[in-house]
Each structure stands twice: as structure tokens, then as C-alpha cells.
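# Breakdown of the fold
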Amino acid sequence: MSRVKRQHYVPLFYLKGFSNEQSQVYVFDKTDFHTYSTNPINIGVEGQFYDQKHIDHKFGKQFIEKTLGDIETSFSILLQNLIEGIESRKIRAINEDTKLQICRYVALQAIRTKEQRQSMEQLFGMMKQKFQHSGWLSDEQIDQLGFNIGPDETRFIHNSQLLPDNKFAADLTGILMSHICLIFKNISDMPLITSDNPVAKKSNLNNEVRSNFGFRSKGIEIMFPLSPGYLIAFLERTHFKDLEQYENEVLVLKDPQHIIHYNSFQVKGSYRRLFSKSADFELAREMITHDPDLGLVDRKRYGIG
């Protein structure tokens, strides 16, 4: 089998679901507002993104790429059957087994992106800087504790999180399973968009002490667009207790303002690019014009203080 050089951190089958009648996806680059259309094979991809010689030596050539490929194949079938079932009105709610499969996939998608790798690199840098600023430890002691982590080490840690037996992915799956799950069908004239970091989050209980932005945080809202017409959301149970009555059900979104709400979090959470079947990215332009930091690839993801 030939070596895969261009590796998607947002799966190709998923991106194809956001293509138009010409099998093209419209792309919006947050850094310069450039909009263009392209084949889905050209987006959400980077050369040798998952290749790791230590992992490949232990598990086999391009182990992560192949493992993710198998998972994508299975989930693409589940997603197709789910949407077809909803469209034919045979499915009005998902069962716990289907929820588990979706949660496993969403957990991996949240982990596997370039945004996640960049966030990890910033986090490690922040931790090292905090130790340096505190004066409690010397640079040698910081190195001995393992906080002097560079891009190569971050790449290894990130890729290791995608191994089948990794506890991080399993724990994240469990967190998603604990939340209220809702599926939204978009029947408005406005399509849902996605991005190069499609698992978006909204903290509903921000304060000055803590962000409440973690996957298990109280009040967290986690959103993943399945297609221009469907979105799945995971809602922290205590904050959204009044929505438990709709758990695992399919609900309809008619109001374009609801779609704007969900699309806005793709703008906020994306690494650099947004993807849509429509060329209309006015929402993104307005948001980034109002808050230019949203358009920066090297924006601060973690504060230092």
C-alpha cells in the first residue's frame, strides 16, 4: 500500500457533505477574508500530519492515519443512515448505542485537529513561562520536570492521544456521553457551516476566575455540524436540566437566528478556515472586523498571569 502524504485532520467524507452541486466547497480564510471554492480534497489537510516514527515503529507504518481511516469509514455509514432515517421520519430519536458511536467520533474529531495541536503547544509554553516568572524553579529544574516541550514533543503527545488505547480519548467520550444530546434539523434557508476545527464550544457561565470552557465544565455547550442541514449538540446536564425531556431527540430549527448562533461558534473556534456550501461569509467578516483577534492564527488561546 502506498504511503499517504496528504493527511486530513478534518475527514474528506465529512467535507464532501458541505459541497455544492458542483462538488466544490466554499472556503473563507479568516486571516485575509479571501473566499474561494475548491475540491474538498484540498482542505482540512496537511502533509504527513499524523506521521510519527516512534509510533509507526511500534505499531506499523502510518498507523494513526490508517486507524482514523477505518473509523471514518464506519462513521460515514452511520451518519448517512442517521440522516436518511431522519429524512424518512423513521428516526425521531437516537438510542444509547448510536449516541456512544457518535460520542467516540466527536471526541476523536475534537482531538485530531491542527487547532488542538496549536493549543497544546501554547499551553506547554504557558506552563513553562509561569514557572519562569514565579522564580520558584531554575531553567534546569523546569527541564527536569518535563516542561521544556517543543514542537516535536508536542506533535508526539498529540498523535499519541489518537492511539486506540489512549485514556484521553476514552475520557472525553465518557464526558460527552454524560451530557444531554440533541440533534437539530435545519429547515431554514441558511446553511450550517463548518471549519478546520468543527467541534465548537460555548461557555454559558464565564467569570473572571475561570473560563468554564472545558468539555466537562458546568454550563458548557458543545456543537458539531453534521452537514449543512444537521447539527448535534451536547449540553452539560445540570445547567440545561430543562432540556432533558428532549434528550436524544431530533428537533427542528426554523429561525435563521439559531443558525447564525451556531455558525458564530465555528467562526470563533476555527483555526484559520471556514467551509460552506454557500459563498456567503458575511457573518465571519462582521465578527472578525469587530474582534480582529479571531482572524489571527497565533492568537492567544490561554492567558498568562
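Coordinates for the structure precede this section.
Residues numbered from 1 in each chain as written. Predicted model: local features only at pLDDT ≥ 70, side-chain atom pairs only at ≥ 80, totals over all residues. Heavy atoms only, no water.

The subject of this paragraph is the overall build of the chain. The number of helices and strands found in the chain is ten helices and eleven strands. Looking at the chain as a whole, 46% of its 305 residues are labelled buried. Restricting the contact set of the chain to residue pairs at least 6 apart, pairs at least 24 apart contribute 75%. (Helix = DSSP H or I, 4+ residues; strand = E, 2+ residues; numbered from the N terminus. Buried < 20%, exposed > 50% of the residue type's maximum accessible area, 1.4 Å probe, protein only. Contact = heavy atoms within 4.5 Å.)

Right, let's talk about unusual backbone geometry for a bit. As a rule of thumb, non-glycine residues mostly have phi less than zero, and peptide bonds are mostly trans rather than cis. Residues other than glycine seldom take positive phi values, yet Ser-23 does so here, at roughly 60 degrees. The residue Ser-23 is located in the loop between α1 (12-16) and β2 (25-29) in this model. Although it is not a glycine, Asn-248 sits at a positive phi angle of roughly 70 degrees. Inspection of the secondary structure assignment puts Asn-248 in the loop between β9 (230-235) and β10 (250-253).

As a further point, take the sheet that holds strand β8 (residues 220-227). Strands belonging to one sheet form pairs held by backbone hydrogen bonds; the direction of such a pair is parallel or antiparallel. Read from one edge to the other, the open sheet built from five strands follows the order β7-β8-β9-β5-β10, with strand pairing classed as mixed. Lying at the two open borders of the sheet, with one neighbouring strand each, are β7 (200-203) and β10. Each strand axis lies, on average, 30 degrees off the axis of its neighbour in the sheet, ignoring direction. Two strands pair when backbone bridges link them, and strand β5 (residues 180-186) and β10 are joined in this way by four bridges, in the parallel orientation. Across the sheet, the residue bridging to Ile-183 is Val-250, located in β10. Contacts from helix α3 (residues 63-87) reach β5, β8, β9 and β10, with the element oriented near 65 degrees to β5. (Pairing = 2+ DSSP bridges. Axes fitted to C-alpha atoms, helices over the stretch in contact; angles between N-to-C directions.)

The sheet built from four strands is open, its strands ordered β3-β2-β11-β6 with antiparallel pairing. In this open sheet, the two strands that pair with only one neighbour each are β3 (35-38) and β6 (194-195). Two elements, β6 and strand β11 (residues 273-276), share two bridges in a ladder whose sense is antiparallel. By the bridge assignment for β11, Thr-194 is matched with Phe-275.

Moving on, we get to the packing of α3 against helix α4 (residues 96-111). Following both chains from N to C, one finds α3 and α4 inclined at 130 degrees, their axes separated by 11 Å at the closest point. Judged by the inter-axis angle, α3 sits oblique to α4. α3 and α4 meet at a crossing whose hand is left-handed. Facing Ile-71, Phe-75, Leu-78 and Leu-82 of α3, the residues of α4 in contact are Thr-98, Gln-101, Ile-102, Tyr-105 and Leu-108. Of the residues that constitute the contact of α3 with α4, the class distribution is seven nonpolar, two polar and no charged. (Parallel < 35°, antiparallel > 145°, perpendicular 65-115°, else oblique. Left-handed = near helix turned anticlockwise from the far one by under 90°. Nonpolar A, V, L, I, M, F, W, Y, C, P; charged D, E, K, R; others polar.)

Distances and angles like these do not, on their own, reveal function.
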